Amino acid sequence: MTKPLLILIAGPYRSGTNGDPDLIAQNLARLEEASGPIFRLGHVPMIGEWVALPTLRTLETADSGEGDVMYETAHRLLQHCDAVLRLPGESSGADKDVEIAQERGLPVYRSLAEIPAA
């Protein structure tokens, strides 16, 4: 493989948090932990929340429908991504990301060890 891949990191973000900001932050930190190793393999890591959260902050409250923006951002990103890394943990959003990736014929990795170097 010579071309770096844009890899969407999918896993729990809000799942299992009951809206607790500290638990949500812990979930985001777990997603972000995979970004360095992906970068070191020669690829570009992407997390949907990196794009969706600033977008949510700039939309009018009536326009945002928070869940819609979060899911829609990931779906749009998947039109540009080359692969998905699905981290462990229950997450309907991450499961949907995997479903979309598989429909598009993209590789879905279940661990960092499965990702080939660029």
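Our structure's up above, just so we're on the same page.
This report concerns the structure included in the present document. (Residues numbered from 1 in each chain as written. Predicted model: local features only at pLDDT ≥ 70, side-chain atom pairs only at ≥ 80, totals over all residues. Heavy atoms only, no water.)

**Focus on the overall build of the chain**
Helix and strand counts for the chain come out as 6 helices and 4 strands. Secondary structure elements in the chain, listed N-terminal to C-terminal, are β-α-α-β-α-α-α-β-α-β. Computed over the C-alpha atoms, the radius of gyration of the chain is 14 Å, within 12% of the 13 Å expected from 2.2 N^0.38 for a compact globule of 118 residues. The principal-axis extent of the C-alpha atoms belonging to the chain is close to 45 × 25 × 20 Å. Across the 118 residues that make up the chain, the buried fraction comes to 42%. By sequence separation, contacts in the chain at least 24 residues apart represent 64% of the contacts at least 6 residues apart. Distance between charge centres in the chain, computed from 10 positive and 17 negative side chains, equals 6 Å. (Helix = DSSP H or I, 4+ residues; strand = E, 2+ residues; numbered from the N terminus. Rg over C-alpha atoms; globule rule 2.2 N^0.38 Å. Buried < 20%, exposed > 50% of the residue type's maximum accessible area, 1.4 Å probe, protein only. Contact = heavy atoms within 4.5 Å. Lys, Arg positive; Asp, Glu negative; His and termini not counted. Charge placed at Lys NZ, Arg CZ, Asp CG, Glu CD.)

**Brief notes about the side chain of Asn27**
Secondary-structure assignment places Asn27 in helix 1 (residues 21–33). If we skip the residues at most four places from it in the chain, Asn27 touches Pro12, Tyr13, Arg14, Ser15 and Thr17.

**Notes on the packing of aromatic side chains**
A full pass over the atoms with the stated rule returns 0 aromatic pairs. For the cation-ring pair, Arg14 lies above Tyr71, with the distance from its terminal atom to the ring centre recorded as 6.0 Å. (Phe/Tyr/Trp six-rings, centres within 6.5 Å; stacked < 30°, edge-to-face > 60°. Lys NZ or Arg CZ within 6 Å of the ring centre and 35° of its normal.)

**As for helix 3 (residues 48–58)**
Considered for burial, the residues of helix 3 that qualify are Gly48, Glu49, Ala52 and Leu56. Angularly, the buried residues of helix 3 cover 75° about the axis, an arc narrow enough to put them on a single face. In helix 3, the exposed residues that point more than 90 degrees away from the buried face are Arg57 and Thr58. (Arc of directions from axis to C-beta.)

**Re the pairing of strand 1 (residues 6–10)**
With 5 of 5 residues buried, strand 1 lies mostly within the body of the structure. Bridge count between strand 1 and strand 2 (residues 44–46): 3 bridges; the pairing is parallel. Within strand 2, the residue paired with Ile7 across the bridge is Pro45. As paired elements, strand 1 and strand 3 (residues 83–86) share 4 bridges and run parallel to each other. Residue pairing in the sheet places Ala10 in a bridge with Arg86 of strand 3. (Pairing = 2+ DSSP bridges.)

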